[in-house]
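Observations on the three-dimensional arrangement
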Amino acid sequence: MHTREDDAGAHPAVTPVYQTSAFEADSPYFYTRKNNPNVAELEKVLQVLENAEHAVAVTCGMSAIFMTLEILRPGDTLVVNPFIYGCSYKLLQRISERRQFKLVDLDFSEESNIEKIPAETKMVFFETPTNPFLKTVDIAKVSKFVKGNNPDAVIVVDNTWATPLFQHPLELGADVSLHSGTKYFSGHSDVMNGVLMTDRQDLADEFRETRFYGGLLLSPENAWLTRRSLQTLNIRLKQQQSVCAEMRDFLKQQPQIEKVFYPEVDGKQLKGYAGILFFELKKPDGYLKFRQELKLFSTGTGMACVTSMVAQPWSGSHASMTDEEKRQINIGENLVRLSFGLEEPEDLKNDLLGALQVL
Ligand SMILES: Cc1ncc(COP(=O)(O)O)c(C=O)c1O
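Residues numbered from 1 in each chain as written. Predicted model: local features only at pLDDT ≥ 70, side-chain atom pairs only at ≥ 80, totals over all residues.

Taken together, 14 residues lie around the ligand, and Cys 60, Gly 61, Met 62, Ser 180 and Thr 182 are the ones closest in. Residues belonging to the shell around the ligand are distributed by class as follows: 5 nonpolar, 7 polar and 2 charged. (Near = placed C-beta within 6 Å. Nonpolar A, V, L, I, M, F, W, Y, C, P; charged D, E, K, R; others polar.)

Annotation of the protein chain at the domain level lists domain 1 (37–230) and domain 2 (233–357). Computed from C-alpha atoms alone, the centre-to-centre distance between domain 1 and domain 2 is 24 Å. On the side of domain 2, 32 residues touch domain 1, which itself brings 30 residues to the contact. Ranked by the residues each element gives to the side of domain 1 that touches domain 2, the list is headed by helix H3 (residues 86–99), at 4 residues. Looking at the side of domain 1 that touches domain 2, its residues break down into 18 nonpolar, 9 polar and 3 charged. (Domains from an automatic or database assignment. Contact = placed C-beta atoms within 7 Å. Helix = DSSP H or I, 4+ residues; strand = E, 2+ residues; numbered from the N terminus.)

Here 7 strands make up an open sheet; going across it, the order is E1-E7-E6-E5-E4-E2-E3 and the pairing mixed. Both edges of this open sheet fall to strand E1 (54–58) and strand E3 (102–105), since each of them pairs with a single strand only. Direction aside, the axes of adjacent strands within the sheet are offset by 20° on average. With respect to the sheet, helix H1 (residues 37–50) is in contact with E1, strand E6 (176–180) and strand E7 (194–198), its orientation differing from that of E1 by roughly 130°. Together, strand E2 (77–80), E3, strand E4 (121–127) and strand E5 (154–158) form the strand contacts of H3, whose direction differs from that of E2 by roughly 165°. (Pairing = 2+ DSSP bridges. Axes fitted to C-alpha atoms, helices over the stretch in contact; angles between N-to-C directions.)

A few words now on the environment of Leu 172. Inspection of the secondary structure assignment puts Leu 172 in the loop between E5 and E6. For Leu 172, a count of 20 C-beta atoms within 10 Å puts it in the buried group. Each C-alpha atom, one on Leu 172 and one on Val 142, is 9.7 Å from the other, the two residues being 30 residues apart in sequence. With near-sequence residues (within four places) excluded, Leu 172 lies in contact with Ile 139, Ala 140, Ser 143 and Gln 269. (Buried ≥ 20, exposed ≤ 12 C-beta atoms within 10 Å, placed from the backbone.)

What follows is about the sheet that holds strand E9 (residues 276–281). The 4 strands lie next to each other as E8-E9-E11-E10, forming an open sheet whose pairing is antiparallel. Only two strands of the sheet have a single partner each, and these edge strands are strand E8 (257–261) and strand E10 (309–311). Neighbouring strand axes in the sheet, compared pairwise and without regard to direction, differ in orientation by 25° on average. Where E9 lies against strand E11 (residues 335–339), 5 bridges are found, and the strand directions are antiparallel. If you follow Glu 280 over to E11, its bridge partner there is Leu 335.

A few words on the pairing of E6. Of all 5 residues making up E6, 5 are buried, and the element is well covered by its neighbours. Judged by which residues are buried, E6 turns out to be covered on both faces: Val 176, Leu 178 and Ser 180 on one side and Ser 177 and His 179 on the other are all buried. Pairing of E5 with E6 involves 3 bridges; the strand directions are parallel. The partner of Val 157 across the bridge, within E6, is Ser 177. Sheet analysis places E6 next to E7, joined by 4 bridges and oriented antiparallel. By the bridge assignment for E7, Ser 180 is matched with Gly 194.

Take unusual backbone geometry next. Residue Thr 128 is joined to Pro 129 through a cis peptide bond whose omega torsion reads 0°. Tracing the backbone shows Pro 129 in the loop between E4 and helix H4 (139–149). Note the cis peptide between Asn 131 and Pro 132, where omega equals -5°. On the secondary structure map, Pro 132 appears in the loop between E4 and H4. Even without glycine at this site, His 11 takes up a positive phi of about 45°. Looking at where His 11 falls in the secondary structure, it is placed in the segment before H1. Under the C-beta neighbour-count criterion, His 11 is labelled exposed, with 6 such atoms within 10 Å. Look at Thr 163: it is not a glycine, yet its phi comes out positive at around 70°.

Let's shift gears to the packing of H1 against helix H6 (residues 220–230). Remark: H1 packs on H6, axes separated minimally by 8 Å, with the N-to-C direction vectors making an angle of 30°. As far as their axial angle goes, H6 and H1 are roughly parallel. Crossing handedness for the pair H1 and H6: left-handed. On H6, the residues that touch Asn 38, Val 39, Glu 41, Leu 42 and Val 45 of H1 are Pro 220, Ala 223, Trp 224, Thr 226, Arg 227 and Leu 230. The residue inventory of the contact of H1 with H6, partitioned by class, reads 7 nonpolar, 2 polar and 2 charged. (Parallel < 35°, antiparallel > 145°, perpendicular 65-115°, else oblique. Left-handed = near helix turned anticlockwise from the far one by under 90°.)

Before going further, it helps to examine H6. Owing to its 3.6 residues per turn, the α-helix aligns residues three or four sequence positions apart on the same side. Most of H6 sits inside the fold, with 8 of its 11 residues counted as buried. Buried within H6 are the following residues: Pro 220, Asn 222, Ala 223, Trp 224, Leu 225, Thr 226, Arg 227 and Ser 229.

Within the largest apolar cluster, 57 residues are counted, with the highest numbers of intra-cluster contacts made by Ala 57, Val 124, Ile 155, Val 156, Val 195 and Leu 196. The element contributing the most residues to this core is helix H2 (residues 61–69), with 5 residues. Setting aside residues no more than four positions away along its own chain, Ala 57 makes contact with Val 39, Leu 42, Glu 43, Asn 193, Val 195, Leu 218 and Ala 223. Counting residues in each nonpolar core, the second largest holds 37 residues, with Ala 162, Met 309, Phe 340 and Ala 355 among its members. (Core = buried A, V, L, I, M, F, W, Y, C linked by C-beta atoms within 7 Å.)

Spelled out as structure tokens, the structure:
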């Protein structure tokens, strides 16, 4: 029972998975609900990528969002741009109802709406580019306006789609940049994780405490897999960027397509953009037929993977919103999301052409 290999001199080339819940009393890791070397290593890598003072790795993107809401108290005003992942929107609604936050929906990707953000706002939550439609929210302008009224307000940006390679919200005035690392960080649809990045010590302490008491630390195996995937983040994203831009131009020429949505890469806030775009089919009920013809695009939940994926926001990412809520933000059944992987662009074009031609 007490036989142990002394591995202190082993010096492995890669940090092994620390499959242990307990650490000896003199270890800084204490207990794997508090911290673990695999998680700590992943956080160091992410901090460098996003140029953040702190990274806090948790079980998935939704737990990261859930943890930001722990900051709020009954009566606090939470402002959300509704063009976000449907489950995030539902979570904000659900918790606001239960804890009596005042939830305000406002599309401040329209710049003129920024000044409509209430003065007493305690937290602002948004994605940029927005999901769907990939519109830009000006992080610096939102932060300046909100903090001008309330310096204690917390600006939260879900940076999942932009990625730390192409956008650094903290440098533009955000307090928290969070990620569903299940997407690009993993990149292979085989591991879930979430990350909260911040430069603020008070928020980092709060997140670490919530993670410890809530039991939300990322598992050592998932931290290890994610850390390995990050070794190829740069080349995956650059390839996805090139393929996606080529596909945008290709899809714009197709007569069955009404409109293609791709973000504005202004070189200041957003310095590049990887692999996800949207388009609207002219045929209102064409999605299923189109999807069934595709051979190289899988239909599984998720995106930002090395293999291409097709999805319908109406029935997928935004399914938890009511039909009325979806219509209010212009999500129709003809809206299609494509996430491009690392296949040959010509193969993807042929596949898409074949599927569009049946419409
Ligand atoms: C932008 C964005 N944020 C958060 C999430 C939730 O992340 P997870 O599925 O890792 O919990 C998703 C999931 O699709 C997402 O697209």
